[in-house]
Amino acid sequence: MTKALVIFGLGLLLLVNYGQAEKEKHKNKQQQFMSNLLEDYDVNDSPTANTSDATKVYVQMFLNSFGSLNAANMDYSIDVFLRQSWYDERLKFSSGYRANKTRITVNDPSIQSKIWKPDTFFNNVKDAEIHRVTMNNILLRLNASGHVLYSMRVTLKLSCNMEFKYYPFDRQECGVSISSYANTDDVIKYHWVDDTPIDLPDELEIAQFDLLNFETSETTQHFVTGDFSGLVVQFDLRRQNGYHVLQTYIPTILIVAISWVSFWLDPNAVPGRVSLGVTTLLTLTTLASGIRQSLPPVSYVKAIDVWVGMCMIMVFGALLEFTFVNWLANKKIVDSGRAFRIPKILACAEDPAAKPPATYMMYARALDRLCRLLFPGGFLLFNLIYWPYYLIQQYSDPEPITVER
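Source: prediction; values computed, not measured.

Asks: Just to check I follow, could you spell out the overall build of the chain for this structure?
Replies: Scanning the chain from terminus to terminus reveals 6 helices and 12 strands. For the chain, with 405 residues in total, the buried portion stands at 36%. Only carbon and sulfur atoms are counted for the fraction: they give 57% of the accessible area of the chain, which is about 24,400 Å².

Asks: Teacher, can you tell me more about the packing of helix H4 (residues 270–293) against helix H5 (residues 303–330) here?
Replies: A packed helix pair is summarised by two numbers, namely the angle formed by the two axes and the spacing between the axes. Contact geometry of H4 with H5 gives a least axis separation of 10 Å together with a crossing angle of 165°. Compared by their axis directions, H4 and H5 come out roughly antiparallel. In this structure, H4 meets H5 at a crossing whose hand is left-handed. Only Ile 304, Val 308, Cys 311, Met 312, Val 315, Phe 316, Leu 319, Glu 321, Phe 322, Val 325 and Asn 326 of H5 make contact with H4, whose side of the interface consists of Val 270, Arg 273, Val 274, Gly 277, Val 278, Thr 280, Leu 281, Leu 284, Thr 285, Ala 288 and Ile 291. A per-class count over the contact of H4 with H5 returns 16 nonpolar, 4 polar and 2 charged.

Asks: Honestly, the side chain of Asp 368 in this entry has me stumped. Any pointers?
Replies: Within the fold, Asp 368 resides in helix H6 (residues 361–395). On the basis of relative accessibility, which here comes to 2%, the residue Asp 368 falls in the buried class. With near-sequence residues (within four places) excluded, Asp 368 lies in contact with Phe 263, Leu 265, Pro 267, Arg 273, Glu 321 and Val 325.

Asks: Would you mind showing me how to read the nonpolar core here?
Replies: Grouped together as the largest cluster of nonpolar side chains are 78 residues, with contacts concentrated most on Met 34, Met 61, Phe 66, Tyr 76, Leu 142, Val 176 and Phe 235. It is H5 that contributes the most residues to this core, 9 residues altogether. The residues touching Met 34, leaving out its near neighbours within four places in the chain, are Val 106, Ile 111, Ile 115 and Leu 142. In terms of nonpolar packing, the next biggest core, distinct from the first, is built from 5 residues, Leu 328, Ala 329, Met 361 and Ala 364 among them.

Asks: What am I meant to see in the packing of H5 against H6 here?
Replies: Remark: H5 packs on H6, axes separated minimally by 10 Å, with the N-to-C direction vectors making an angle of 175°. Between H5 and H6, the interaxial angle falls into the category roughly antiparallel. Looking at the contact of H5 with H6 residue by residue, the class counts come to 23 nonpolar, 2 polar and 2 charged.

Asks: Please explain the state of the cysteines as it appears in this structure.
Replies: A covalent bond bridging the sulfur atoms of two cysteines is what the word disulfide describes. Under the definition given, this model contains 1 disulfide. Between the sulfur atoms of Cys 160 and its disulfide mate Cys 174 the distance is 2.0 Å. The S-S bond linking Cys 160 to Cys 174 shows a torsion near -80°; that makes this disulfide left-handed. Residue Cys 160 is located in the loop between strand E7 (147–159) and strand E8 (171–180), and its partner Cys 174 is located in strand E8; the two are separated by 14 residues in the primary sequence. Of the two residues, Cys 160 and Cys 174, both sit in the buried class.

Asks: Explanation requested: the environment of Tyr 58 in the structure shown.
Replies: Considering the arrangement of structural elements, one finds Tyr 58 in strand E1 (residues 55–70). On a C-alpha basis, the gap between Tyr 58 and Ser 85 in space is 5.2 Å, while along the polypeptide they are 27 residues apart. When sequence neighbours within four positions are dropped, the list of residues in contact with Tyr 58 reads Arg 83, Gln 84, Ser 85, His 191, Trp 192 and Val 193.

Cut-off values and rules
- Residues numbered from 1 in each chain as written.
- Predicted model: local features only at pLDDT ≥ 70, side-chain atom pairs only at ≥ 80, totals over all residues.
- Heavy atoms only, no water.
- Helix = DSSP H or I, 4+ residues; strand = E, 2+ residues; numbered from the N terminus.
- Buried < 20%, exposed > 50% of the residue type's maximum accessible area, 1.4 Å probe, protein only.
- Areas by Shrake-Rupley, 256 points an atom, 1.4 Å probe, with all protein chains shown as cover.
- Axes fitted to C-alpha atoms, helices over the stretch in contact; angles between N-to-C directions.
- Parallel < 35°, antiparallel > 145°, perpendicular 65-115°, else oblique.
- Left-handed = near helix turned anticlockwise from the far one by under 90°.
- Contact = heavy atoms within 4.5 Å.
- Nonpolar A, V, L, I, M, F, W, Y, C, P; charged D, E, K, R; others polar.
- Core = buried A, V, L, I, M, F, W, Y, C linked by side-chain atoms within 4.5 Å.
- Disulfide = S-S within 2.5 Å.

See the structure below:
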């Protein structure tokens, strides 16, 4: 029994060693093949360095995810597979280290560094990260015909110049701009692939936005260091209104409606009407302050500013109306027909049972009744103008996307 176990253990050990040897042999074969292929290869020279033509680099992007737009910082994030392909005649081979193998995937970073690659960078990037779990998400594939595929998965935080004139009924155009960092357009020429330059997942979700369309273009950027070829893709995004309707518009409508309750209170109910007006005004101010914190400090008037400003006017107007009504209710009616008045020092003491002096209470209550209709009617008229105007602006066709060439 012991002898059988020893024989089984030795057999298992030999099998493991054989597998490791075959794996090392396969690795050595690839390294030997790539070493022979790159024997006279200069990584510093572009594939067309010996000709007058520029190397054509074809680019395709797959948007794995589209992050939400940050209005305060004017940026957004995307997770993309950036795929670049070009033709390098120096990397042509008749057969690989395996029979009938027409393409080779290079995973060794030391070998990847020996092959020429375009120095592509993102013009409007703020932060970028290449995914490294569970290994570097970089693919370098060589075809026997000399075509090279270079793909990587990156997460980008990109700047976007946003316009908030119609916020939160706005549409934004955010783009991705890429070009060569050091090689001018006589060395590298970028092109979008003809078939599906931008690939999107079937169910792409963007927080608070709908992706309506995108447009790709090829550009040339002019700097003092030279002219550089580049590519641009612009995304047309429309903001969804549900969040702001629930979080901003409905609460402010309720606050304004609560301020109208003071019109049904007695003109002399000073504590109740003052506390109601001040409370609603402070609540609206706090809500407006929270809205401003999520937006950059721009100098122009936004759609949300028009709404909050009108709500402030309605609440503050109700408070001013109470001040005037209370003044009327306590103002005594003076009999202007009496030409002669007895000096107070000569007047007799007043009769306690005498009739109290008349005031303008009737006018004060009439003004309250008028404001019960005037304030809701004015706010309703404002809504009939505000909502159609901004919704038409949001859902109308935007201006064409223009890219400086």
